[in-house]
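# Fold and contact review
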Amino acid sequence: MRILVVEDERKVAHALKEGLEAEHYKVTLAHTGEEGFYLIHSETFDLVLLDVMLPGRSGVEILSTLRKRGLQTPVLLLTARDTVEDRVLGLDSGADDYLVKPFAFPELSARIRALLRRGRGEPAARMKLADLEMDVVARTAARGGRPLELTAREFDLLEYLLRHQGRVVSREMLARDVWKEAARHTPLDNVIDVHIARLRRKVDDPFARKLVHTVRGVGFALREEPA
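What this report covers is the structure whose coordinates are included nearby. Just so it is clear, the structure is predicted and the values come from calculations on it, not from any experiment.

## As for the overall build of the protein chain
Summing up its helical and strand segments, the protein chain has eight helices and 12 strands in all. Taking 2.2 N^0.38 as the reference for a compact globule, 227 residues should give roughly 17 Å; the C-alpha atoms of the protein chain span a radius of gyration of 19 Å, in line with that estimate. In terms of its C-alpha atoms, the protein chain occupies a principal-axis envelope of roughly 55 × 40 × 30 Å. The 227 residues of the protein chain split such that 47% are buried. The contacts in the protein chain between residues at least 6 apart in sequence include a share of 55% that link residues at least 24 apart. Total accessible area on the protein chain stands at roughly 12000 Å², and carbon and sulfur atoms take up 52% of it. The positive charge centre, built from 37 side chains, and the negative charge centre, built from 36, are 4 Å apart in the protein chain.

## Quick look at the pattern of salt bridges
Tallied over the entire structure, the rule returns 18 salt bridges. With a closest N to O distance of 2.9 Å, Asp 97 and Arg 111 form a salt bridge. One end of the pair, Asp 97, is in strand S5 (residues 97-100); the other, Arg 111, is in helix H5 (residues 105-118), with 14 residues separating them in the sequence. Of the residues examined, Asp 97 reaches a relative accessible area of 19% and is grouped as buried.

## What to know about the sheet that holds strand S6 (residues 126-129)
Whether parallel or antiparallel, the strands of a sheet pair through hydrogen bonds between backbone atoms. Ordered by their spatial adjacency, four strands build an open sheet running S6-S7-S8-S9, and the pairing between neighbours is antiparallel. Every interior strand has two partners, whereas the edge strands, S6 and strand S9 (146-147), have only one. As paired strands, strand S7 (residues 132-135) and strand S8 (residues 140-143) are joined by four bridges and run antiparallel to one another. Each bridged residue has a counterpart across the sheet, and for Asp 135 the counterpart in S8 is Thr 140.

## Focus: the sheet that holds strand S2 (residues 26-30)
The parallel open sheet is built from five strands, whose spatial order is S2-S1-S3-S4-S5. Bordering the open sheet on either side are S2 and S5, each of which pairs with just one other strand. Between one strand and the next, the sheet's axes are offset by a mean angle of 20°, whatever the strand orientation. Here strand S1 (residues 2-6) pairs with S2 via five bridges, running parallel. Pairing of Ile 3 across the sheet is with Val 27, part of S2.

## Digging into the environment of Ser 58
Among the structural elements, Ser 58 can be located in the loop between strand S3 (47-51) and helix H3 (59-68). Ser 58 sits 22 residues away from Ala 80 along the chain, and the two C-alpha atoms are 13 Å apart. Polar side-chain contacts of Ser 58 include one of 3.0 Å to the backbone nitrogen of Glu 61.

## Regarding the side chain of Ser 109
Inspection of the secondary structure assignment puts Ser 109 in helix H5. Look at Ser 109 and you get buried, because its relative accessible area is 3%. In terms of polar contacts, Ser 109 uses its side chain to reach the side chain of Glu 23, at 2.6 Å.

## Looking at the packing of helix H1 (residues 10-22) against H5
Relative to each other, H1 and H5 sit at 60°, their axes nearing to 11 Å. With respect to each other, H1 and H5 are oriented oblique. Considering the relative orientation of H1 and H5, their crossing is right-handed. Seen from H1, the contacting residues are Leu 16, Gly 19 and Leu 20; seen from H5, they are Phe 105, Leu 108 and Ile 112.

About the thresholds
- Residues numbered from 1 in each chain as written.
- Predicted model: local features only at pLDDT ≥ 70, side-chain atom pairs only at ≥ 80, totals over all residues.
- Heavy atoms only, no water.
- Helix = DSSP H or I, 4+ residues; strand = E, 2+ residues; numbered from the N terminus.
- Rg over C-alpha atoms; globule rule 2.2 N^0.38 Å.
- Buried < 20%, exposed > 50% of the residue type's maximum accessible area, 1.4 Å probe, protein only.
- Contact = heavy atoms within 4.5 Å.
- Areas by Shrake-Rupley, 256 points an atom, 1.4 Å probe, with all protein chains shown as cover.
- Lys, Arg positive; Asp, Glu negative; His and termini not counted.
- Charge placed at Lys NZ, Arg CZ, Asp CG, Glu CD.
- Salt bridge = Lys/Arg side-chain N within 4 Å of Asp/Glu carboxyl O.
- Pairing = 2+ DSSP bridges.
- Axes fitted to C-alpha atoms, helices over the stretch in contact; angles between N-to-C directions.
- Polar contact = N/O pair within 3.5 Å; in protein donor to acceptor, adjacent residues only side chain to side chain.
- Parallel < 35°, antiparallel > 145°, perpendicular 65-115°, else oblique.
- Left-handed = near helix turned anticlockwise from the far one by under 90°.

And the structure:
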């Protein structure tokens, strides 16, 4: 399980990292709001520990933006502020849980386990982004009510992007999870790029608003850009 800790107090951040790694989590640290915001979009995490008071962007601002973009990764807010208004603001912004500093590490660990259990439900059979809809069981997809004629590989690729909507997925992730060829000696980059181009023609070309985006040097993202 991968956890991102976004915490500007370095002693606290490293103490959290040490404690969580002792419980066999893989931990990545970010010390500013901007760094945390970038990592959440460029990598995949199972849970985010997000401090509220951060330099650059506040935790609440980051969280609100992520939820508006469709990211459903569990987020546990960490804060020194314990008013009812603060808790309500954090939860209304999309937090899954809220922990006030100072806290006992065993309580944090228990809350993390609860959030991760909650997040391991059955994958959604129906997914939606803007006017794009997919039925995984029936293996059908449509945009704007118009059926999309997808090959089996294109369907699997679109399903993966939809399950990671709002996040950037790398070519390495696609090779591993869609093509199931992580140990291949030669990269699948060209093959993946061809399939993305074909998928983009079917999903995006007939429509003004584009959903499939290339993130130069990183990978691809399925998301709805502001009008």
